[in-house]
Amino acid sequence: MGDYLPHAYEAELSLAPEELQTLRDLYKKEGASVTPQTKFNYAWALVRSANKQDQQLGVDLLHAIYRENPGRRRECLYYLALGEYKLGNYQKARRYNDTLVNMEPTNQQALALRALIADRVQQEGLIGMAIVGGVVAVAGVVGAMFLRRSKD
């Protein structure tokens, strides 16, 4: 793959099912003697799938590649971060991505993914606060009604 890493906008795109199937077939065809490149391509496709189970399998394969092939660690870090992001595991995504940014401080894809992760964490935090605020408001109304009835 050289120096190329995809833009972080791919975090929001899914791979077409037929493209995934082509890479799955090749991976299965190679069987026990699967090459690191075929395994990586399949993991890449799985991470880009719309299916959460596929994404998790892709992350699992990337972990194996990371351990087995030190030369592929840079690419694995990015896709591990991307996979964890898509799975909603933002702390793990941030950890993998930060490791890559520490290795390559000017990596534009990793910097863009860092911003996506931060935005999603902020978004989810705001949603969480809104839910908690709603629960507190409902509890306050119910409590006030209860107090009003107990006074009557």
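Residues numbered from 1 in each chain as written. Predicted model: local features only at pLDDT ≥ 70, side-chain atom pairs only at ≥ 80, totals over all residues. Heavy atoms only, no water.

The chain has the name Mitochondrial fission 1 protein in an unreviewed UniProt entry, where Polyrhizophydium stewartii is given as its organism. The annotation that UniProt attaches to the chain under Sequence similarities (unreviewed entry) is "Belongs to the FIS1 family." Regarding the chain, the UniProt comment filed under Function (unreviewed entry) reads as follows: "Has a role in mitochondrial fission." (UniProt positions renumbered as here; feature names shortened; annotations may be inferred.)

Section: the packing of aromatic side chains
Given two aromatic rings, one states the distance between the centres and the angle between the planes to describe the pair. For the structure shown, the criterion picks out four aromatic pairs. Taking 5.7 Å as the distance between ring centres and 75° as the angle between the ring planes, the aromatic pair formed by F40 and Y79 counts as edge-to-face. Of this pair, F40 sits in helix 2 (residues 36-47) while Y79 is found in helix 4 (residues 73-87), placing the two residues 39 residues apart along the sequence. Accessibility assignment for this pair places F40 and Y79 in one class, buried. An aromatic cluster is present here, built from F40, Y78 and Y79 joined pairwise through their rings. A cation over a ring is seen here: R73 above Y66, with NZ or CZ 4.8 Å from the ring centre. Across from the ring centre of Y96, 5.2 Å away, lies the NZ or CZ of R95, which sits over that ring. (Phe/Tyr/Trp six-rings, centres within 6.5 Å; stacked < 30°, edge-to-face > 60°. Helix = DSSP H or I, 4+ residues; strand = E, 2+ residues; numbered from the N terminus. Buried < 20%, exposed > 50% of the residue type's maximum accessible area, 1.4 Å probe, protein only. Lys NZ or Arg CZ within 6 Å of the ring centre and 35° of its normal.)

So, the confidence of the model for the chain
Looking at the chain, pLDDT values average 83 and 74% of them are 70 or higher. Mean pLDDT values for the elements of the chain range from 68 in helix 6 (residues 108-151) up to 96 in helix 3 (residues 52-68). This model gives residues 1-5 a pLDDT under 50, and the stretch forms 11 contacts once residues within four places in sequence are excluded. (pLDDT = per-residue confidence, 0-100. Contact = heavy atoms within 4.5 Å.)

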